Amino acid sequence: QAKSMGRGHVSYFSHELNEQAQQRMALENALRDALDNGGLQLHYQPQINLADGSLYGVEALARWQHPELGSIPPTRFIPLAEECGLIGQLGHWAVQEACRQLAAWRRQGLQVPAVSVNLSPSDFHNLELPQQIAHTLQHHQLQPQDLTLEITESVLMDTHPSTLTTLDAIHSQGVNLAMDDFGTGYSSLSYLRRLPIHELKLDRSFVSDLESDATARALSEAVMRIGESLRLIVVAEGIEEEGQQQILRQQGYQVGQGYLFSRPVPAAELQQWLQQWRAAAARHG
Ligand code: C2E
Ligand code: MG
Ligand code: MG
Ligand code: MG
């Protein structure tokens, strides 16, 4: 096609391509720079025990404030980090930073039971990951149960030989594994047999339709039963409405997170949120 349009067009297209490639390269370099120089942050979203409203833990979510482009969402920079070989460094940073923060909160007297960190499938190619995690926990005087790693079903679509070895090693150290976005991947059930997981997180696409859609309710109930029979903790993510919380609680979900309780917030704000949350709970008995 381009050829039949003549020379001028060909060079026009390659100019466009060049520009895209250059923008991408610039973004890659900016991400590398952010990773090396403290330009990424973690925000934290509370996870609530639905039975009594107490804090179950917090999920750490990466944030990137680009100096010129502003805030870039993780759905954009995580895939970029995966493609350009930076994901291992990002995962290692997230584990270290989340553990540092948890230890800092506890030193300040703030009771945060545990922190959850999201990792990408390729993080588990790194055979040194279990050792790195053990070292980080020890460095901050934390217990293995203080840390949960969230993985997605794509972890097992990954055929890399180290993945299962690494997951098993992490599990046998006592670090908990959570299956994130459960129900969106495929062949989920066979993964449950093969993975040493502790927690099942119902994807938020099911939660958003709970009140309006009987099928979504039936599916969240089914996921709950699976989790229950495997003795897993079942977590519902993306709870925005009180009505959703009520349905999930009735179905037996132990833990919930979502904008209804709090958006992901910087560490300092979590402290304020938690103080207010606990004060409100004390007032209401
Ligand atoms: P995820 O782990 O499933 O995280 C939940 C996402 O849902 C987060 O988006 C969170 O901000 C959002 N969320 C929480 N509650 C609600 C709600 O009530 N309503 C709605 N509409 N959304 C809610 P976020 O922070 O943009 O992260 C998107 C995804 O990026 C995460 O999904 C996770 O897969 C990935 N991600 C984030 N941080 C990291 C990281 O440090 N490492 C890796 N490998 N992936 C990360
Ligand atoms: Mg997650
Ligand atoms: Mg999720
Ligand atoms: Mg997700």
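This text follows the structure it describes.
First, a word on what this report is: a plain description of the structure on this page.

What counts, and where the lines are drawn
- Residues numbered from 1 in each chain as written.
- Chains lettered and ligands numbered in written order.
- Predicted model: local features only at pLDDT ≥ 70, side-chain atom pairs only at ≥ 80, totals over all residues.
- Heavy atoms only, no water.
- Donors = N, O, S within 2.8 Å, 3.2 Å for Na, K, Ca; no water.
- Helix = DSSP H or I, 4+ residues; strand = E, 2+ residues; numbered from the N terminus.
- Phe/Tyr/Trp six-rings, centres within 6.5 Å; stacked < 30°, edge-to-face > 60°.
- Buried < 20%, exposed > 50% of the residue type's maximum accessible area, 1.4 Å probe, protein only.
- Arc of directions from axis to C-beta.
- Contact = heavy atoms within 4.5 Å.
- Core = buried A, V, L, I, M, F, W, Y, C linked by side-chain atoms within 4.5 Å.

### Observations concerning the coordination of the magnesium ion (ligand 3)
Surrounding the magnesium ion (ligand 3) are the protein donor atoms D180 (OD), D181 (OD), E237 (OE) and E237 (OE), which sit 2.2 to 2.3 Å from the metal. Each donor residue of the magnesium ion (ligand 3) belongs to the same chain, with the gaps between them written as D-D-x55-E. A separation of 3.8 Å is found between the magnesium ion (ligand 3) and the magnesium ion (ligand 2), which share D180 as a coordinating residue. On the criterion of sequence distance, the pair formed by D181 in strand β6 (residues 176–182) and E237 in strand β8 (residues 233–237) is long-range, its members being 56 residues apart.

### Quick notes on the packing of aromatic side chains
A full pass over the atoms with the stated rule returns four aromatic pairs. On the basis of an interplanar angle of 85 degrees and a centroid distance of 6.0 Å, the ring pair of F261 and W277 is categorised as edge-to-face. Here the residue F261 occupies a position in the loop between β9 (255–257) and α11 (267–283), and W277 occupies one in helix α11, the gap between them amounting to 16 residues. Among the residues examined, W277 registers a relative accessible area of 25% and is labelled partly exposed.

### Focus: the coordination of the magnesium ion (ligand 4)
The magnesium ion (ligand 4) binds to the protein through D181 (OD) and D181 (OD), with metal-donor distances spanning 2.6 to 2.8 Å. Separating the magnesium ion (ligand 4) from the magnesium ion (ligand 2) is a distance of 5.7 Å.

### Some words on helix α4 (residues 129–139)
Along α4, the positions that sit buried rather than exposed are L129, P130, I133, T136 and L137. With its buried residues spanning 130 degrees around the axis, α4 presents them on a single face. The exposed set on the far side of α4, more than 90 degrees from its buried face, consists of Q131, Q138 and H139. Contact partners of the buried residues in α4: α3 (87–107), β5 (147–151) and α6 (162–172). Where α4 terminates, the next one or two residues include Q141, which has phi positive at roughly 55 degrees.

### Notes on the nonpolar core
Ranked by internal contacts, the top residues of the largest apolar core, which has 76 residues, are L147 and L149. Among the elements that make up this core, the one with the highest residue count is α3 (10 residues). Not counting residues up to four positions away in its chain, the partners in contact with L149 are V95, V117, L119, I133, I170, V175, N176, L177 and A178.

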